[in-house]
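Here's the letter readout for the chains.
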Amino acid sequence: MAIWDAYAYGWNVNYFATIAGIDAVWTEAYPQGPTIPPAYSQWEPSLVVDNSAEIGSSVDRSTGMGQGLPFTFSLLSNPIARGFMRQDQNRTNLDVTLTADETTTMTVQSTAGLINANSYVHVGLECIGYSGSTGTTLTGLTRGLFGTLPATHYAGTVAGQVCDRPDVWRGREVRLYAVPMGPDGVCTGAVLGPVGAAGCEAVEVWRGSIDQGPYRDGNDRFTFECLALDRILTNPLPAGVTGTILPPYLGGPVYPDQWLSITLDAQNSGWTSIGGIYPFGFTVWPFAAFTGYTAIAPGTLMTVPDQAARVQAAVTAKLASLSGSYPTLLGVTFHPGYGSSNGVDYTRMSTIELKWGDAPDSTIKGMRTWVDTSWNKGNPWSTNFGFGNGGIGSVKNPEPMQISGYWTNGSVLVASNESNGSTALSGDGGYLVQLQLDNATAAVPTTGTLIIDTMAIQYGHALLQGNVVTLSTLWDLSQPYSANTGWGWNPPADVTGKKASLQFAQQDLAVNCVLKLLQSSGGTSGDVVGGVVVHGTNDAWPVGQGYGLPDQHVDAQNIQDMLMAKIGTMNLLVGGSGVSFQDQIGGLLLLSQTAIVARPDKTGTVRLGIVDTSLSGSYAEVTIYDKHLLCAAGEPITAIRKRDRVTQVVASLAAYSKSTNPLLAPVKEFGDYGTANYTIQMPGGQLEVGGVQLSANLSLSDPKSTDIAKIEGWGSAIIQQSQYVMSMEFRVVPWLPVQTGDLVGIDVTHPALWDWRRGVEGFSGYARCLGARRDLAGGALILELLIQGGPETLSLCPAATVTAFSGGSTTPIVIYCDGRFYNFFYQMLQANNGAACRLYHYWPGKGTENSGGYVEINDVQLVSGVCHLTVSSYANLTESLTVGLSRLTLPPTPYCTDWQSLFSHAEDGSHWGA
Amino acid sequence: MAITPGTKLVIKKAQEIAVFPAMSAQPLQNALANTNHLYGYFRPLLLSWSPMGSSPAYNPGITPTFIPDPVVYVVPVLPSQDGLHYDFMWTLFPKIAGGGTSRFTLQVEWTSGVDPTVGTGSTPATKWVNLYGPAMTSPLTDSVWNTRTISLVLDRTATMLRFTVTAVDGPYTLGHVAVQPSVITSITTPATYASGFLPFDPSFISQARAPINTEMVDRCKTNALSVLRDRAQCLASLVQPYTTTTGSLGGVSYYPRGIMQVMNGSAASANFSQTIGMAAAGLPAQKTFTGHVRYLINDTAPSVFVGAGTLTVTGDDGSVNQLSLDSTGQLEHGVVQVTTLGNPDSFVKVQVDLTAKPAYSTYLYALIIFWTPGA
């Protein structure tokens, strides 16, 4: 960011901050030059940021999550600040729930004392302006003032209190900005904001929300502790739909194409068919439209009595439309039957009872009836029959005629339907469960999981009627599913009255899942209230399914580009309460070596985006040279740690797919919902001693073999790269435009790095920036860089060729070697407080290399590019010093100084290439 | 001190190397020991040639011919700088009427000069110095291929070898001659070999908590490269009997023993060129090819003939390099360089063309292309 170039020219930056809902711009110093952002009416130079820890972000490669650093700031106690901090003077309660899109009237219990010169009030975190008022209303509302977002505020709740001063601080969004400021105190640009506007040269450097504060810090300041924007993503999502279980009852979904075929065969006293119009058969479609009735929408849940009544009406209407005399169908009753699935009994409808009225003809002794149905959708079961007793002169008390068999669909039919390609679910007999919702909701997904205490019941249909949602096609997830026995769940007797929640499952492309998970709130995508976009572009899922982040928090284009490039097409299954973004997406991100992080983007605003965490790539916009290193606060480069050496990656895939998916063959007994574990590891290798296993969970929807291949490739890439990576911390000048996730070039000679491949100090190559944080007091940028290679100890030991010597070849006085070793030997003596250090002498390829010869040196000089080592003593130089051939190296560990032992020795616990 | 190199390369399992192991004497010690093995057992063919027949009296042409009389071959050579022992292998096919066994007299001489016409003596720069023989072989079985091998130390300054084969019992075919480094079962430790190879003695690195230093790591690479570059490999060869005797045929001066020579008619008014040899050589996974060309060409014209031939080398990526060959009767040299695709089956094609002046003949004694990978 060019903003930090100011430091390079001896300028400074002026920080300023905004707090959502607060009409003030808090600045470090009087911002001479630019005007404050037009949305605000005042500024206050009371901001103190240099007591904050460094701000910025880093990524955790083992979770795929960014970790934004907290920001602490204080406001000096002056009249403006105190004015906001003071307890509200007047408050009232909403008398009518204020919806998010209401811009006309806010109805409160009383406006007395509430009206003020500012013409705005605070409700929860939202600041709402008004242009008129009555005794109980505020009118002409302007929603979402000063960076807040319009939200629904419920009457009768604590959050529904209306105050003239901010009542709630925790959760308010805080943004920190910086603008260049010259030595004369004048800031650049015409306006301080909004960022990106014409004439604005400020950039946003941090975004988050208040976690603690304000509190007095003892220096007469109000101090706030804030958490970064991305911290929210580790919070579990709340249950979107909660309620109370109503008494279960029998029923199920119905479809207009279900038919019922009845054949009536009137018989005489000899129990033979009397002929004439008999036997007579007809077919009805009870749930389609017929005289006096409209069609039922496919999949509509209907109770058993309602189904029976509809059948009776359909048959009656059909008979009425025919010429001739027929008996009256007095009643239809469904009787529950019982099935069993893997030893678990459950209920389903298995018997239909038709009650006929009087026989239409006195010659009729009885009537035999065949019934066939399409409830099984294309696989009618065998015909059954029964008798009425409406005989001649004695048909006054009709008897029920029972047709045995599966009226509604047994689970057998589930498989049949699916194999026929039907999309309609069947096999839906059994109990319905109703949930009296705690809060009204716009929609309930048609599939999901019902959570009652520790029970998890999958449902396949949902019907929302008012505040009651009816669920059917229930399956106890604790029981194995069998395609041959089907669905079924008998609610326990005590389930009625229990609190329950619904978890939903969403299936979509990975990139869509990420965006919708971030932005969904159950609202309407792109909904605008008073010019403020209330709901994000990807707010597409029901309440409880996402974090509801607005567009200004999400860099959707970056997420789209990065995930499509790194992941491509892969369908995920996400959703459920009590789980976080990290739980659901983190596994995918870590496997694909990406992470989600809040960082300033190219427009100078802080948003959530996806960054690359791998070491791949061969182009870096920024290269760090020696001139960029800052030594003022100590060593500019330090080794943080050797990265875990991953030798095994286990990807646990929860795959939601049809049972016919060959990828689920090992777990096919789980039927439609299966889990499969795929283990990815080094070819021929196992989890090795010293190696670590990296585990990732992800849920795929209908996984393809290409998805599995992709995951295996990712795992291999992680293993390959993790063998030789190390985290180094670089402290560099403020103006290097490096962000978390950037690929950075490194070309430094600092001795903290030793390029053993070339035998020189320093490092040249590429690094991935896993963290970038800024010291607000001095502007220094501290980068955590992942480099290829790098020693766990400082490096391999040097082996300096003897280029000359004075004294004898076995009685040396001064030994000369290449000048590039000067720094090394100098540091060696410095670390030993100038005391003599031992160096082993050996002659590669000559005789027995381990002659045990050594010299001790007590001084080192760099003379005309040649390193001069002054020998204080020597021993065992049986192989004489030989110019150009023999060498000096460090002694074995037992003879090393502490500093020398930092360099690689056999069995010292370090690793090759690491 | 002497080191016994391992008889086999010790190849670590993938997981022992791909996942970097703990810093210790191993696998570095293993890698260094492998370079000792390389020194002892890396035996690329320095020379490999199938000589053409020799006498017009015995089926002249390119078909191997039964040779009844002494025949001489002068062959360029590019030996190791370490003065290695080389195995000289002759493969012969005796053919005597009535069967039986045959014996042969073999002789090898070397020189460090460039003139093959010099006499014999003890100063290799100006003379042919005897290296072996003449010595009679043990009896060879008739009508089958027989191989006789002799191990000789080849001086690192040698530029040419002269092979003389004399039949004792009857005609034969000389099918193939090969020269390759002998197995070295004991490596002395003088420090650095002229090739750059540094023998590895494990006593230093195997001591307790030994320093793991850059020289040891570098030695793995430098040793391998030193051996590879020092032991030139014969990529292509074309060798014909050596003679300076000329005759005349239809007014054209020619070499009676030449199997392939380019003769130009006595009435011709311009030079005449003809291809006399083509070959292809595989260079697996090599992206560049540098060939060191050594050759001897003579012609019957009275003066040096510059441009008496052309060596054309073509890479499988289409790159072409040509070397103009001069007829001086002495050892000449040049370098050809092309690129290849670098595939496992990459190759170069080699073509030799000779040119004769009117009424004269141009004759190629020998042309060898030596390859030193990576150099």
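## Quick word on the overall build of chain A
Within chain A, the secondary structure is distributed over 9 helices and 57 strands. For chain A, the residues scored as buried account for 47% of the 914 residues in total. For chain A, long-range pairs separated by at least 24 residues make up 69% of all intrachain contacts whose partners lie at least 6 apart in sequence.

## Some words on the sheet that holds strand 14 (residues 161–163) of chain A
Hydrogen bonds between backbone atoms are what pair the strands of a sheet, whose relative direction is either parallel or antiparallel. Residue and element names in this part refer to chain A. If you walk across this open sheet you meet the 4 strands as 8-14-10-11, and the pairing is antiparallel. Strand pairing shows two members of the sheet lacking a second neighbour, strand 8 (91–93) and strand 11 (126–129), which therefore form its edges. Between one strand axis and the next, the sheet turns through 30 degrees on average, direction left out of account. Two strands pair when backbone bridges link them, and strand 10 (residues 120–123) and strand 14 are joined in this way by 2 bridges, in the antiparallel orientation. In the strand pairing of strand 14, H122 is matched with C163.

## Quick notes on unusual backbone geometry
Geometrically, the link from A:G193 to A:P194 is a cis peptide bond, its omega value of 0 degrees lying close to zero. The residue A:P194 is located in the loop between strand 15 (173–181) and strand 16 (203–216) in this model. Cis rather than trans, the peptide bond between A:G213 and A:P214 has omega equal to 5 degrees. As for its placement among the helices and strands, A:P214 is situated in strand 16. Backbone geometry places A:N876, a non-glycine residue, at a positive phi of 60 degrees. Tracing the sequence through the fold places A:N876 in the loop between strand 56 (866–875) and strand 57 (887–889). One non-glycine residue, B:A359, lies in the positive phi region at around 75 degrees. Within the element layout of this structure, B:A359 appears in the loop between strand 23 (347–356) and strand 24 (361–371).

## Brief notes about the pairing of strand 24 of chain B
All names here are of chain B. Burial of strand 24 is extensive: 11 of the 11 residues sit out of reach of the surface. With 6 bridges joining them, strand 14 (residues 233–239) and strand 24 adopt antiparallel strand pairing. Looking across to strand 24, one finds that S237 is bridged to I368. Where strand 17 (residues 261–263) lies against strand 24, 3 bridges are found, and the strand directions are antiparallel. Paired with M263 across the bridge in strand 24 is S361. Judged from the 9 bridges that link them, strand 19 (residues 288–299) and strand 24 form a sheet pairing that is antiparallel. Bridged to R294 within strand 24 is I368.

## Describing the packing of helix 5 (residues 510–519) of chain A against helix 6 (residues 556–566) of chain A
All names here are of chain A. Viewed as axis vectors pointing N to C, helix 5 and helix 6 meet at an angle of 150 degrees, and their least axial separation amounts to 9 Å. What the angle tells us is that helix 5 and helix 6 run roughly antiparallel. The crossing of helix 5 and helix 6 is right-handed. Contacts between helix 5 and helix 6 involve A510, V511, V514 and L515 from the first element and A556, I559, Q560, L563 and M564 from the second. Taken together, the residues that form the contact of helix 5 with helix 6 break down as 8 nonpolar, 1 polar and no charged.

## A closer look at the sheet that holds strand 55 (residues 854–863) of chain A
All names here are of chain A. With respect to topology, 7 strands assemble into an open sheet ordered 51-57-54-55-56-53-52, the strand pairing being antiparallel. Of all the strands in the sheet, just strand 51 (799–801) and strand 52 (804–807) have a single pairing partner and so form its edges. Adjacent strand axes in the sheet meet at a mean angle of 35 degrees when their direction is disregarded. Strand direction decides the pairing type here: strand 53 (residues 812–818) and strand 56, joined by 5 bridges, are antiparallel. Counted as the bridge partner of V814 is T870 from strand 56. Across the sheet, helix 9 (residues 822–831) lies against strand 54 (837–842), strand 55 and strand 56, angled at about 120 degrees from strand 55, the strand it touches most.

## Quick notes on the environment of A:S904
Residue and element names in this part refer to chain A. In this structure, S904 sits in the segment after strand 57. According to the C-beta neighbour criterion, S904 is buried, with 27 such atoms within 10 Å. Between the C-alpha atom of S904 and that of S795, which follows or precedes it by 109 residues, the distance is 6.1 Å.

## A short note on the confidence of the model for chain A
Residues and elements named next belong to chain A. On average, residues of chain A carry a pLDDT of 78, and 77% of them reach 70 or more. Here residues 375–429 scores under 50 on pLDDT; set against residues more than four positions off or in separate chains, the count is 133 contacts. Within the model, the stretch residues 482–486 combines pLDDT values under 50 with 19 contacts to residues more than four positions away or in other chains.

## Side note on helix 5 of chain A
All names here are of chain A. Counting buried positions over the 10 residues of helix 5 gives 9, a clear majority of the element. By the burial criterion, the buried members of helix 5 are A510, V511, C513, V514, L515, K516, L517, L518 and Q519. Buried residues in helix 5 make contact with strand 34 (506–509), helix 6, strand 37 (571–574), helix 7 (581–591) and strand 39 (606–612).

## Some points on the pairing of strand 45 (residues 725–732) of chain A
All names here are of chain A. Across the 8 residues that make up strand 45, a large majority, 7, are buried. Bridge count for strand 45 against strand 50 (residues 781–788) is 8 bridges, and the pairing is antiparallel. Its bridge partner being in strand 50, M726 is matched across the sheet by I787.

## Thoughts on helix 6 of chain A
Residue and element names in this part refer to chain A. Turning to helix 6, its buried residues are I559, M562, L563 and K566. Angularly, the buried residues of helix 6 cover 90 degrees about the axis, an arc narrow enough to put them on a single face. Facing away from the buried side of helix 6 by over 90 degrees, the exposed positions are Q557 and A565. One or two steps after helix 6, the chain reaches G568, where phi turns positive at roughly 75 degrees.

Criteria and cut-off values
Residues numbered from 1 in each chain as written. Chains lettered and ligands numbered in written order. Predicted model: local features only at pLDDT ≥ 70, side-chain atom pairs only at ≥ 80, totals over all residues. Helix = DSSP H or I, 4+ residues; strand = E, 2+ residues; numbered from the N terminus. Buried ≥ 20, exposed ≤ 12 C-beta atoms within 10 Å, placed from the backbone. Contact = placed C-beta atoms within 7 Å. Pairing = 2+ DSSP bridges. Axes fitted to C-alpha atoms, helices over the stretch in contact; angles between N-to-C directions. Parallel < 35°, antiparallel > 145°, perpendicular 65-115°, else oblique. Left-handed = near helix turned anticlockwise from the far one by under 90°. Nonpolar A, V, L, I, M, F, W, Y, C, P; charged D, E, K, R; others polar. pLDDT = per-residue confidence, 0-100. Arc of directions from axis to C-beta.

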